[in-house]
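Topology and contacts: notes
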Amino acid sequence: MKTPDDELKTLADQEYKWGFVTDIDSDTIPKGLSEEVVRLISLKKGEPPWMLDFRLKAYRHWLTLVEPRWAHLDYPPVDYQDAHYYSAPKPKKKLASLDEVDPELLETFGKLGIPLSEQKMLAGVAVDAVFDSVSVATTFKEKLSEEGIIFCSFSEAIREHPDLVRKYMGSVVPYTDNFFAALNAAVFTDGSFCYIPKGVRCPMELSTYFRINQAQTGQFERTLLVADEGSSVSYLEGCTAPMRDENQLHAAVVELIAFDDAKIKYSTIQNWYPGDKEGKGGIYNFVTKRGACRGRNSHISWTQVETGSAITWKYPGCILLGDNSVGEFYSVALTNHHQQADTGTKMIHIGKNTRSTIVSKGISAGRGQNSYRGLVQIMKGATGARNFSQCDSMLIGDRCGAHTFPYIDVRNSSATVEHEASTTKIGEDQLFYCNQRGIDLEDAVGMIVNGFCKEVFRELPMEFAVEAQKLLNVSLEGSVG
Amino acid sequence: MLNIKNLKVRIEGKEILKGIDLSIEAGEVHAIMGPNGSGKSTLANVLAGRAEYEITGGEILFEGKDLTVLAPEERAREGIFLAFQYPVEIPGVSTSYFLKTALNSIREHRGEVELDAFDFLALAKEKMKSLHMDEALLHRSVNEGFSGGEKKKNEVFQMAMLDPKLAILDETDSGLDIDALRIVADGVQQLRDEKRAILVVTHYQRLLDHIVPDVVHVLSGGRIVKSGDPDLAKKLEKEGYGWLLEESGAVAGGGN
C-alpha cells in the first residue's frame, strides 16, 4: 500500500511552471556596481539632473552601509559586483501603442496569464508590466485618465509628472532607511507610479506584473502610490522569474501615501522562482514596503501571499500619523523545500485613536524556515491606540521550522495591544480523516492549508483570491516526505 | 461483502489483533463489543486503512477484492465509511465544501457526474431534515468548536451523504447524552437497508437498544472470543466481561 509519504514524494517532482525564459534581444550593461554604472543607468533612461543627483546621494550613502544580518536567514554573502544592474528588452522601435510591443514579450505575458492586450478589456484590470528593468506597457491609461488618475511606469512619471515624483519619492522610505532601500534608490530602473486625485474612487483594480528574464540580472523596481483626500484604490502586484541555477537579487521599494479619508489596499502575490528541491538557485527577495497614513481617517491595508523566492526579507508597514487612521497587514507566507522567509510588519502609531490589525499565517514544509518578525510601536501622543496581532504557524513534516519574533514598544498607557500566537502541525489525523472521506492527499493538504489561510484570502480581491489558492496548492506539492 | 480471515495486526511492534475471522453480508448489522484495550478500535481503523497499523498476517476481502493494497481514499471510494470515535477538526474549511469534495471524488470513482453546488445543497438539506439535524452545521468549519454530540451527529450526516456499502461506527455512542444518542441511533437506523452492511463497535450495550444488531461479537485480547444474538449484549451489560473471559480462557491484552 502506498503511504502518504510516498505519494507526496512523487508530487515533489512538480516543476515551477513559470520557469521559462523568453528569447529576446536585450540591452544589458556589464556586470558590476560603481558611480559610473549609476550615471549610465540615469543616462540610458534620459533622466533629469535631479534624478541623477538622488541616485548618486543614495549610492554614496549605500557605500557606508553594511548588509543587515539580523534576520533569521542563512545564505552566503551576496557579491554585489557580480550582477547586471540594467537590462532592457531592445525595442525594435519606439513604442507608441501596445500593438508595437515585441510579440515575444506579449507571448510571455500571455503565458503568465496577464491581461495585457486590449482585447482583454473585460478582465477589468489595468496592468503595468515590468520586464527585467523596463516597464513595457500600461493598459487602460486613457480610461483612467478620464478620472484624473495617473497610472504609468516610474520612468514616464519622472518625465511627465516630475513635481509629484520629487514631492513624494523617498518621503516614506528615504534612501537612508536601510541597505537595500539605499541600493534600490541608486540603481532602480523602473516600476509603477500611481496618483489618485481628491475624491476619486479608482473604478478598477490596478495591477503591476514584474518579471525577471535576463540571467544574472538584479531587479530593482520602485512603486509610488499616492491617494489624495477622500480617494480610494485597490492595487495588486504579481511577480515571476525563470528557473536559473544561480541566485538572483531583487530589491524593491514600495511607498504608499494616504491623505485624509483616503484608502489604499495593496495586495501582493509574490511567486519569484524559489530555487529547486535541493535549494539551488532562486531569487533573493529584499524588499522595503511602507505606507504612510498621513491624513485623518486614512486607511492602508497590506495583503501579501508569499510563496516564491529562496530568501524573503520584507516587512510592509504603516506609519499611522493621522488621527483615527487604520493600518492592516494580512500575510500568508509559505516556505517549502529549502526556502527561507523572514517577514512581518511594522505598525507605528503616532496619531490619536489609531488602529492596527495584524494577521500572519506562516506555513513551513520540507526544510523551509519561516519567521514572523513584527514591530508594534505606540508613540507618546498615540492616545487610545489599539493593536491586535495574530500570528499562526503551521508545520508540515518534521524538518521545517517556524519562528515568531514580536517586538512591542508601548509609550502611552491608554493603548491596548493584543498579541495571539499559535503553532499547529498538519496532523496525520486530519489527513486520514480527509482520506477516509475519499479525498486524496494532495487535495487534503491543499484544503487544510487553505482553511488555515482563510482569514487572509478573504482580504484579497475576489479574482486574485482564487489565483492565490491555486498557487498555494501548487507550491505545496511535494511538501511532506 | 466483508470477509476477514485470520487477521493479525501490529502497532509499534506490539501485536493487537491476533487472528480475527469475521464475515459480514449486505443487509446485516454486526456489533463488536469488548473491554477496553481489546482491539475494537484497531479493527475499525485497519479496515479504513490507517497507516500506522501493520498487517502481519491474514487477509481482508471486500466484495472479493483485497482491501489491504488500497489507500484509505480508494477504500472510501469503494464504499467504506468510518464514523470516527474522535472526529477531527479542520479550521477554516466549511463542512459543505469538505463534504462536496468528498462526495464528488466518490461519485467520480463510481462513474457518476459531479454534483454542482445547488444540487449538493439540495441533497444536504434533504438529509439534514430526515436526520433532524440543524442546517447551520453545513456552514461551520468541519467539527471546529462542535460539542461531542454535534461531532457524532456530523459523522452520521456525512455517512448519509456518502451512502457507503459498509459503514463502520467506532464508539459512536461515547460521550453522547440520551437525546443525542437517540438522534444518532435513529440516523443509523434510517440508513439500514438490504444493500448496506453496518459494523457497530461499542463498549456499551445502550446503543444496541436502538440499533438492534443481527450478530454480536465479543473481542478480547485480540481475538473474537464469542459470537451470538443480541441477548449476548444484554448479558454482558448485566454481568460484565469477566465470566466470558474465564469461559474462553482469553487474557485481556493489547491497548489502543
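The following refers to the structure shown. Source: prediction; values computed, not measured. (Residues numbered from 1 in each chain as written. Chains lettered and ligands numbered in written order. Predicted model: local features only at pLDDT ≥ 70, side-chain atom pairs only at ≥ 80, totals over all residues. Heavy atoms only, no water.)

1. Concerning the overall build of chain A
The secondary structure content of chain A amounts to 12 helices and 24 strands. Of all 481 residues assigned to chain A, the portion counted as buried reaches 62%. Sequence separation of at least 24 residues holds for 83% of the intrachain contacts in chain A that already meet a minimum separation of 6. (Helix = DSSP H or I, 4+ residues; strand = E, 2+ residues; numbered from the N terminus. Buried < 20%, exposed > 50% of the residue type's maximum accessible area, 1.4 Å probe, protein only. Contact = heavy atoms within 4.5 Å.)

2. With respect to helix 9 (residues 428-436) of chain A
All names here are of chain A. Helix 9 sits mainly inside the fold: 7 of its 9 residues count as buried. When helix 9 is considered as a whole, its buried residues turn out to be Gln-430, Leu-431, Phe-432, Tyr-433, Cys-434, Asn-435 and Gln-436. One or two residues past the end of helix 9 sits Gly-438, with phi positive at roughly 95°.

3. Describing the pairing of strand 20 (residues 355-364) of chain A
Residues and elements named next belong to chain A. Burial of strand 20 is extensive: 8 of the 10 residues sit out of reach of the surface. The sheet contact formed by strand 17 (residues 326-335) and strand 20 spans 10 bridges and is parallel. Its bridge partner lying in strand 20, Ala-333 is registered against Gly-362. In terms of strand pairing, strand 20 meets strand 22 (residues 386-395) through 10 bridges, oriented parallel. Following the sheet pairing, Lys-361 is matched in strand 22 by Asp-392. (Pairing = 2+ DSSP bridges.)

4. Side note on the sheet that holds strand 5 (residues 65-66) of chain B
All names here are of chain B. With antiparallel pairing, the 4 strands of this open sheet are ordered in space as 2-1-4-5. If you trace the sheet from one side to the other, it starts and ends with strand 2 (14-24) and strand 5, each paired once. Where strand 4 (residues 54-62) and strand 5 come together, 2 bridges link them in antiparallel fashion. In the strand pairing of strand 5, Leu-61 is matched with Asp-66. Against the sheet, helix 1 (residues 40-48) contacts strand 1 (2-11), strand 2 and strand 4, and its axis sits at roughly 110° relative to strand 1. (Axes fitted to C-alpha atoms, helices over the stretch in contact; angles between N-to-C directions.)

5. A word on the packing of aromatic side chains
Residues and elements named next belong to chain A. Scanning the entire structure with this criterion turns up 24 aromatic pairs over all chains. Members of the aromatic cluster, connected to one another through ring pairs, are Tyr-59, Trp-62, Trp-70, Tyr-75, Tyr-80, Phe-179, Phe-180, Tyr-284, Phe-286, Trp-313 and Tyr-315. Over the ring of Phe-188 we find Arg-55, and its NZ or CZ is 4.4 Å from the ring centre. Taking NZ or CZ as reference, Lys-361 lies 4.9 Å from the ring centre of Phe-452, over its face. (Phe/Tyr/Trp six-rings, centres within 6.5 Å; stacked < 30°, edge-to-face > 60°. Lys NZ or Arg CZ within 6 Å of the ring centre and 35° of its normal.)

6. Things to note about the pattern of salt bridges
Within the structure shown, the criterion is met by 32 salt bridges over all chains. When the shortest N-O distance is used, the salt bridge between A:Asp429 and B:Arg50 registers 3.0 Å. You can see A:Asp429 sitting in helix 9 and its partner B:Arg50 sitting in the loop between helix 1 and strand 4, one on each of two chains. Residue classification places A:Asp429 among the partly exposed positions, given a relative accessible area of 42%. (Salt bridge = Lys/Arg side-chain N within 4 Å of Asp/Glu carboxyl O.)

7. Regarding the packing of helix 9 of chain A against helix 10 (residues 441-452) of chain A
When two helices pack together, their arrangement is given by the angle between the helix axes and by the axis-to-axis distance. Residue and element names in this part refer to chain A. Following both chains from N to C, one finds helix 9 and helix 10 inclined at 125°, their axes separated by 9 Å at the closest point. The angle between helix 9 and helix 10 places the two elements in the oblique class. Relative to helix 10, helix 9 is oriented so that their crossing is right-handed. Together, Gln-430, Leu-431, Cys-434 and Asn-435 of helix 9 and Leu-441, Ala-444, Val-445 and Ile-448 of helix 10 make up the contact between the two elements. (Parallel < 35°, antiparallel > 145°, perpendicular 65-115°, else oblique. Left-handed = near helix turned anticlockwise from the far one by under 90°.)

8. Looking at the sheet that holds strand 9 (residues 166-170) of chain B
Strand pairs in the sheet, formed through backbone hydrogen bonds, run parallel or antiparallel to each other. All names here are of chain B. What the 6 strands build is an open sheet, ordered 6-9-10-3-11-12; its pairing is mixed. With partners counted over all chains shown, the strands left at the sheet margins are strand 6 (80-83) and strand 12 (223-228), one partner each. Pairs of neighbouring strands in the sheet enclose a mean axial angle of 20°, with direction left out of account. Contacts from helix 1 reach strand 3 (29-33), strand 6, strand 9, strand 10 (197-201) and strand 11 (215-220), with the element oriented near 145° to strand 9.

Structural measurements only, silent on function.
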